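Understanding the architecture of this molecule
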Amino acid sequence: MVRSETTGAIELGEVGRIVHVMTRRKFLGTTIAGSATVLAGTVFQKLALAVTTSATQSTFELGGDLSVNRLGFGAMRLTGQGIWGWPPDRENAKKVLRRALDLGVNLIDTADAYGPETDELLIAEALYPYPKGLVIATKGGLTRPGSGQWVPNGRPEYLSQCVDKSLKRLKLERIDVYQLHTVDRKVPIEESVGALKAARDAGKIRHVGLSNVTTQEIDRAKKVLPIVSIQNRYNLTDRESEDVLRYCEKEKMGFLPWAPVGGSGRSSLTKGGNPLEAEAKRHNVSAVQLALAWLLQKSPVMLPIPGTSSLAHLEENMAAAKLQLTPDDWKRIELTKS
């Protein structure tokens, strides 16, 4: 059984990307006066019942000094088909990035392998000069010899070059969070993160994270330098990294679940006939919104980074942060996981 992380407050109105925590009285008064609802039908009722005067944890401190809203944005889908090349509609991609910030996103995840390179260039093209408080987390350590090909390269000299090139593409003097994209089985992880430590010591990186790792690999990396975040595949129907999530909870490290709604394959919760479909209809929300709400309430260190190239889907994803699940909701959702 998974415990409910539900608390009793709701955050509304990200004015200037500052989340406002509202009391039950203020929330109900404002809503009634404005004749507006946060979400349709029974979702509004659930939200109103869930609100109390206590604050829910809507932000997370990455590395102890980077405050990020827990629902971020993954920029990978803003590239061309197969995560290769420029997007077919470059202006739309930039609109999606700008709208994400309008909706309260201040954590954007990317990588030099997305495109390759085009994703980082697009972020700078759309958002530079960056607003204060925006955290861009990028990654290095995967090469792209061709479309559909992902080849690890964790050699220290290669990673050092990756950091410098990402800095240039993103127009940054220092990268807030730089993640080792994957472990290269030909290179000890200590050597790979050693290169990132050198870049951090040189002022090029603020914090270091890891991706696609085991708890044992995290332990080995932490002997070289502090690790602030882990990015592994995790969603309602794929919990292979449950032990890594628990490790992050214990160590107060951020956990960025990639493929938070199942990716684009047959297990995707975006497709019809998915296991959450019936429960989502009961709530008058989409299966994607329910899956993201489940992640946010699963753990206080969870930092979902759903990605999309659609403005409409972006709006839908971000609305999930407003949905609170009751203990009964949890039980029904847990029964759908298989």
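Structure first, text after, so check above.
Throughout what follows, the structure given in this document is the object of discussion. (Residues numbered from 1 in each chain as written. Predicted model: local features only at pLDDT ≥ 70, side-chain atom pairs only at ≥ 80, totals over all residues. Heavy atoms only, no water.)

This part covers the nonpolar core. If you look at the biggest cluster of nonpolar residues, it comprises 63 residues, and the most contacted ones within it are Leu62, Leu210, Ile230 and Phe255. Considering each element in turn, this core owes the most residues, eight residues, to helix H10 (residues 287–298). Not counting residues within four places of it along the chain, the set of residues in contact with Phe255 comprises Ile230, Asn232, Tyr234, Ser241, Val244, Leu245, Cys248, Val301, Met302 and Leu303. Listed in part, the 23 residues of the second largest apolar core include Ala93, Leu103, Ala126 and Met318. (Core = buried A, V, L, I, M, F, W, Y, C linked by side-chain atoms within 4.5 Å. Buried < 20%, exposed > 50% of the residue type's maximum accessible area, 1.4 Å probe, protein only. Helix = DSSP H or I, 4+ residues; strand = E, 2+ residues; numbered from the N terminus. Contact = heavy atoms within 4.5 Å.)

Here we take up the pairing of strand E7 (residues 135–140). Among the six residues of E7, six are classified as buried, and the element is accordingly described as predominantly covered. On E7, burial covers both faces: Val135, Ala137 and Lys139 on one face and Ile136, Thr138 and Gly140 on the other are all buried. Crossover strand E6 (residues 107–109) to E7 through helix H4 (residues 118–127) is right-handed. As paired elements, E7 and strand E10 (residues 175–180) share four bridges and run parallel to each other. Counterpart to Lys139 in the pairing with E10 is Gln179. (Right-handed = clockwise from strand over helix to strand, strands pointing away. Pairing = 2+ DSSP bridges.)

So, about the sheet that holds strand E13 (residues 254–255). Pairing between the strands of a sheet comes from backbone hydrogen bonds, and it takes one of two forms, parallel or antiparallel. Spatial ordering of the open sheet is given by E5-E6-E7-E10-E11-E12-E13, a layout of seven strands whose pairing is parallel. Whereas interior strands pair on both sides, the edge strands pair on one side only; in this sheet they are strand E5 (73–74) and E13. Here E10 runs beside strand E11 (residues 205–211); their pairing, made up of five bridges, is parallel. Within E11, the residue paired with Ile175 across the bridge is Ile205. Contacts from helix H5 (residues 156–170) reach E7, E10 and E11, with the element oriented near 140° to E10. (Axes fitted to C-alpha atoms, helices over the stretch in contact; angles between N-to-C directions.)

Viewed as axis vectors pointing N to C, H5 and helix H6 (residues 189–201) meet at an angle of 40°, and their least axial separation amounts to 8 Å. Taken together, the axes of H5 and H6 lie oblique to each other. In terms of crossing hand, the pair formed by H5 and H6 is right-handed. Residue-level inspection shows Pro156, Leu159, Ser160 and Val163 of H5 in contact with H6, the latter providing Glu191, Ser192, Ala195, Leu196 and Ala199. (Parallel < 35°, antiparallel > 145°, perpendicular 65-115°, else oblique. Left-handed = near helix turned anticlockwise from the far one by under 90°.)

Our next topic: the side chain of Glu249. Mapped onto the fold, Glu249 is located in helix H8 (residues 242–251). Taking relative accessible area as the criterion, Glu249 reaches 16% and is therefore assigned buried. At 2.7 Å, the side chain of Glu249 forms a polar contact with the side chain of Arg246. (Polar contact = N/O pair within 3.5 Å; in protein donor to acceptor, adjacent residues only side chain to side chain.)

To continue, consider the packing of aromatic side chains. Overall, the coordinates contain four aromatic pairs when judged by the stated rule. Judged by centre distance (5.5 Å) and plane angle (85°), the rings of Tyr128 and Tyr130 are edge-to-face. The partly exposed category is assigned to Tyr128, whose relative accessible area is 44%. Judged by its relative accessible area of 18%, Tyr130 is buried. Taking 6.3 Å as the distance between ring centres and 10° as the angle between the ring planes, the aromatic pair formed by Tyr234 and Trp294 counts as stacked. Taken together, the positions of Tyr234 in the loop between strand E12 (229–231) and H8 and Trp294 in helix H10 put the pair 60 residues apart, joining distant regions of the chain. In this structure Trp294 comes out as buried when scored by relative accessible area, which is 0%. An aromatic cluster of at least three residues, connected via ring pairs, comprises Tyr234, Phe255 and Trp294. Across from the ring centre of Trp86, 3.6 Å away, lies the NZ or CZ of Arg90, which sits over that ring. Above the ring of Trp150, the side-chain terminus of Arg144 is found at 3.8 Å from the ring centroid. (Phe/Tyr/Trp six-rings, centres within 6.5 Å; stacked < 30°, edge-to-face > 60°. Lys NZ or Arg CZ within 6 Å of the ring centre and 35° of its normal.)

Residues of H8 that are buried include every one of Val244, Leu245, Tyr247, Cys248 and Glu249, and no others. Buried residues belonging to H8 abut helix H7 (215–222), E12, E13 and H10. Of the residues one or two after H8, Lys252 is the one with positive phi, at around 60°.

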